[in-house]
Amino acid sequence: MQTTLTKESNVGKLALNTKPIMSMESISKSFSNVKVLNDVNIQLYKGEVHALMGENGAGKSTLMKIMAGVHRIDQGKIIYRGQEVQWANPMEARDNGISVIHQEISLSPNLSIGENILMGTNLPKNKLGLVNWNEIHARAEIILRSIGSTLSPHESVSNLSIAQQQMVEIARALSFNSEILIMDEPTASLTDTEIEKLFDIIADLKQKGVAIVYISHRMDEIFRISDRFSVLRDGHGVATGTIDQTNPDHLVKLMVGREVGDLFQRSLRVDDYQSQQPILELNNVSSKGVKSLSMQLYPGEILGVAGLVGAGRTELVRAIFGLSAITEGGVWMEGKKINIQSPSDAMKYGIAHVPESRKEQGLFPNLSVKENIVMAELASYQKKGFIRYKLINHDADQFIERLGVKVATKEQNVMGLSGGNQQKVVIARWLSIKPKILLLDEPTRGVDIGAKTQIHQIISQLAEEGMAILMVSSELPEVLAVSDRILVMHEGKIATTLSGKEATQEKIMYYATGGK
Amino acid sequence: MQGNVEVVKNSNHAVKKGLQYYFDQLGMVIILFLLCVAMAIFAPHFLEVNNALNVLKQLSFTAILAAGMTIVILTGGIDLSVGSIVALSGVISVLSLNHGVNPIIAILLGIAVGIVAGFINGYLTAVPKLPSFIVTLGSMTYLRGLALVISGGYPMVLTNSTFKFLGAGSILGIPTPIYIMSLIYLIMFFVLKYTMFGRHVYAIGGNEEAARLTGIKVEKTLIKVYTISGLLAGLTGVVLAGRLFSGQPTAGMEYELQAIAAVILGGTSFVGGFGRIQGTLIGVLIIAVLNNGLTLLNVDSYWQKVVTGAVIVAAVLLDRLRTKR
């Protein structure tokens, strides 16, 4: 895990003697009463690579979006080139030299590379006021060559590999003559040689005095190219310094060193339940985002799944639930091989799935609380082909009481509930099918602490009753508080399996970031 | 990070939103009522029983189409082909009748035309996931074309009494199409409210992805929805042939637009998931009363078109204002 602390250049350090190009002071930002950033300070200097570190949800993206003019700050001030600024929109930030290379590629696949690179600038025009295509492609070519790319500006973006598209993204960001360049996980989809090329480009940009904000979860990269670092944790800036003042272990500690606080701590199982037959077993399963993965799930246990964004956790759940095809390997349930092709197949085997995004995948925004609860199990409420609302009302009342859903009436529209209560409604829907296996994907995302504790208690209760629970979560304290065992995933594979007792945030982060 | 942020509305707001919803429905009833009052005052003979029955008989055709259109729009789709199905169904049933087919079989054939056309619409929309607008724009054109090809472009005269009874007959002084329409609306009400299929239509319209994850067979349900819309259009074609005493390849022209306008006027949202069959009936009535009143007031038929068109735009505007809230 120890990485060599050699530097590509010392430009960053030299620049520290001068004034910062951007200084963000006491930045606070809330989204509907949830404080996402709290009194954060960060300085960027010309010619430095500044690593911005933090767990999922620590506030990195929000901070980045504030720099780039996507979000406005609630409190604090941003000094840029010696003047206080408040961007009206991302275009204004970009015109003033702040560019972003997003993690997700945001090119128009139907257009040529040249058009994509110059998109958003004032396109060159000819005498008639029409777009001058030759000029576009010539300018794009100059930018492409400057980053060592041999791509033709005439090529359509839809023909490019992901890595090539990433290069176009970089070229586009450079077309704005940036003074600050924000890179969000730029190497996520690049091969080793392409990463080397990217690092050459970064070194070159540093020489030209560009300040680079570098967001990455890969420790080796951070220590190779960064000059300084800042760590965010739960919306607070917890540390900042030069990279030679730290090491990977120290950084991980800074990132996760959160108080477990008020979280409900479940008493983990100590019996030797793993000698029993697993209820669900995956053998060398490959699927979209999952590479030959094997695991067992036992009745009555809570199996936590931890990992960084993109590690394949959600993809694992989707493969089990029949949402993405299993291309290799097999799934066994209670010792028998099963073949799940669709969610309704999975439900027949008694598998339930609380999806990651409540709003996009969970709720029916047009329906009442009670209908949202019973929708998966409507068949059991009909007699002679007609739905009996009396039965539905009875069961809905029971679930509302059992899960403590706070409602004015069960007839009210589900969108009128708070996030926590909406989540309970989705969980209730899945309990209504009386599952043997419950797959939970981020069960408490966007839920306040009170509801979070209640949901943890509900999950624990279910496990005690013998249900097997697989819980994906990006919140390590949550994983640690309820999991009997913890799978740590990295790049589609299981990096390690830890028992709930021995696991710590540091250990999980170590394996999640690719430690061996 | 925004994923962590949910817009939390308090329950008061929800209750208000619920009331708002009923008010929207009530709002249309009020508009209908005011429209009737205005016509009663200004248009001679508007309140006469014969005129009322006439209005109902005339609206029953688009009303049956609008019932099917309602469930299509509830899923977030659209069916532009119903008018053309009306024509093809009428032409084929009359053609088979004139070739000596039993009238009941001929009627069923006409309905079958609608079922097949609707199934194809549904399959293309649900499985290769083509946009329903494109799929039904295409079928609107080719079905109309087929009707013209088969009939040679001329109306095919009908002499059968069963057909005539269906379209132009009456029971206890009330025209048969009104019975058929009422039956369809009654069935549709129960289907939407009290069957799994009906609730799945709402679920899919509200959130298709959530419906799929909930184990609802989205493709099957969508195919059923378009098939039902086609079936009702096929039925309309047969009944209309009975009323016109002929199978006409140009019948049902622009009926799809009237049906869509009625559905939207009735409070069903283009977004999908929100709406009721009762509302559609109100929407159909508003358009029918408007047309009838304008005729009674001797408004030039060209101007009637202008007014009806403006009403359609107003309907979409209403829909937008509703979803904005």
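Rules of the game
Residues numbered from 1 in each chain as written. Chains lettered and ligands numbered in written order. Predicted model: local features only at pLDDT ≥ 70, side-chain atom pairs only at ≥ 80, totals over all residues. Heavy atoms only, no water. Helix = DSSP H or I, 4+ residues; strand = E, 2+ residues; numbered from the N terminus. Rg over C-alpha atoms; globule rule 2.2 N^0.38 Å. Buried < 20%, exposed > 50% of the residue type's maximum accessible area, 1.4 Å probe, protein only. Contact = heavy atoms within 4.5 Å. Areas by Shrake-Rupley, 256 points an atom, 1.4 Å probe, with all protein chains shown as cover. Lys, Arg positive; Asp, Glu negative; His and termini not counted. Charge placed at Lys NZ, Arg CZ, Asp CG, Glu CD. pLDDT = per-residue confidence, 0-100. Salt bridge = Lys/Arg side-chain N within 4 Å of Asp/Glu carboxyl O. Nonpolar A, V, L, I, M, F, W, Y, C, P; charged D, E, K, R; others polar. Polar contact = N/O pair within 3.5 Å; in protein donor to acceptor, adjacent residues only side chain to side chain. Pairing = 2+ DSSP bridges. Axes fitted to C-alpha atoms, helices over the stretch in contact; angles between N-to-C directions. Parallel < 35°, antiparallel > 145°, perpendicular 65-115°, else oblique.

## Here's the deal with the overall build of chain A
Part 1 of the argument: If you tally the helices and strands in chain A, you get 18 helices and 22 strands.
Part 2 of the argument: For 516 residues, the compact-globule formula gives about 24 Å, and the C-alpha radius of gyration of chain A, at 25 Å, lands near that figure.
Part 3 of the argument: With the C-alpha coordinates aligned to their principal axes, the bounding extent of chain A is approximately 75 × 55 × 45 Å.
Part 4 of the argument: Per-residue burial over chain A gives 56% buried out of 516 residues.
Part 5 of the argument: Look at the contacts in chain A between residues 6 or more apart in sequence, and 68% of them connect residues 24 or more apart.
Part 6 of the argument: Carbon together with sulfur atoms contributes 48% to the accessible area of chain A, which is approximately 21500 Å² in total.
Part 7 of the argument: Distance between charge centroids for chain A: 4 Å, based on 56 positive and 58 negative side chains.

## With respect to the overall build of chain B
Part 1 of the argument: A count of helices and strands for chain B gives 13 helices and four strands.
Part 2 of the argument: The long-range share in chain B, meaning contacts at least 24 apart out of those at least 6 apart in sequence, stands at 79%.
Part 3 of the argument: Looking at chain B as shown, the accessible area adds up to about 14400 Å², and 71% of this sits on carbon and sulfur atoms.

## What about the confidence of the model for chain B?
Residue and element names in this part refer to chain B.
Part 1 of the argument: This prediction gives chain B a mean pLDDT of 88; 89% of its residues lie at or above 70.
Part 2 of the argument: When the criterion is pLDDT under 50, residues 1–16 qualifies, and its contacts beyond four places in sequence or with other chains add up to 33 contacts.
Part 3 of the argument: This prediction of the complex comes with two scores: 0.76 for pTM and 0.83 for ipTM.

## Let's talk about the interface of chain B and chain A
Part 1 of the argument: With 34 residues of chain B at the interface, the matching set in chain A holds 50 residues.
Part 2 of the argument: Along the contact surface separating chain B from chain A lie one salt bridge.
Part 3 of the argument: Between B:Arg199 and A:Glu371 there is a salt bridge whose closest N-O contact spans 2.3 Å.
Part 4 of the argument: At the level of elements, α1 (11–42), α7 (176–194), α8 (196–206) and α9 (208–213) of chain B are the ones that each hand at least two residues to the side of chain B that touches chain A.
Part 5 of the argument: Counting residues per element, the side of chain B that touches chain A draws most heavily on α8(B), which supplies six residues.
Part 6 of the argument: Of the residues that constitute the side of chain B that touches chain A, the class distribution is 15 nonpolar, twelve polar and seven charged.

## As for the side chain of A:Thr513
All names here are of chain A.
Part 1 of the argument: As for its position among the elements, Thr 513 is in the segment after α18 (505–512).
Part 2 of the argument: Thr 513 sits in the buried class, given a relative accessible area of 16%.
Part 3 of the argument: Engagement of the side chain of Thr 513 in a polar contact is seen with the backbone oxygen of Met 509, the distance being 2.7 Å.
Part 4 of the argument: Not counting chain neighbours up to four residues away, the residues in contact with Thr 513 comprise His 217, Leu 308 and His 490.

## Quick look at the sheet that holds strand β5 (residues 83–85) of chain A
Residue and element names in this part refer to chain A.
Part 1 of the argument: The sheet built from four strands is open, its strands ordered β2-β1-β4-β5 with antiparallel pairing. With partners counted over all chains shown, the strands left at the sheet margins are β2 (34–44) and β5, one partner each. Going from strand to strand, the sheet's axes swing by 30° on average, the running direction of each strand aside.

## Notes on the pairing of strand β10 (residues 236–242) of chain A
All names here are of chain A.
Part 1 of the argument: Bridge analysis of strand β9 (residues 228–233) against β10 gives six bridges, and the strand direction is antiparallel. Across the sheet, Arg 228 pairs through a bridge with Thr 242, a residue of β10.
Part 2 of the argument: Between the antiparallel neighbours β9 and β10 lie two residues, among them Asp 234 with a positive phi of about 50°.

## Some words on helix α9 (residues 248–256) of chain A
Part 1 of the argument: Along α9(A), the positions that sit buried rather than exposed are A:Pro248, A:Leu251, A:Val252, A:Leu254, A:Met255 and A:Val256.
Part 2 of the argument: Capping of α9(A) at its N-terminal end is provided by A:Asn247; its side-chain oxygen lies 3.1 Å from the backbone amide nitrogen of A:Asp249.

## Brief notes about the packing of helix α6 (residues 161–168) of chain B against α7(B)
Between two packed helices, the angle of one axis relative to the other and the distance separating the axes together describe the packing.
Residue and element names in this part refer to chain B.
Part 1 of the argument: Relative to each other, α6 and α7 sit at 70°, their axes nearing to 5 Å. The orientation of α6 with respect to α7, classified from their angle, is roughly perpendicular. In contact with Phe 165, Leu 166 and Gly 167 of α6, α7 contributes Thr 176, Pro 177 and Ile 180.
Part 2 of the argument: Taken together, the residues of the contact of α6 with α7 break down into four nonpolar, two polar and no charged.

## Details of the sheet that holds strand β3 (residues 49–53) of chain A
Residue and element names in this part refer to chain A.
Part 1 of the argument: Taken in spatial order, the six strands make up an open sheet running β6-β7-β8-β3-β9-β10, and their pairing is mixed. This sheet does not close on itself; its edge strands, each paired only once, are β6 (98–101) and β10. The average angle at which neighbouring strand axes cross in this sheet is 20°, direction not considered.
Part 2 of the argument: Note: β3 against strand β8 (residues 211–215), four bridges, orientation parallel. Residue His 50 lies in a different strand from β8, and its bridge partner there is Val 213.
Part 3 of the argument: Docked against the sheet, α9 engages β3, β9 and β10, running at close to 30° with respect to β9.

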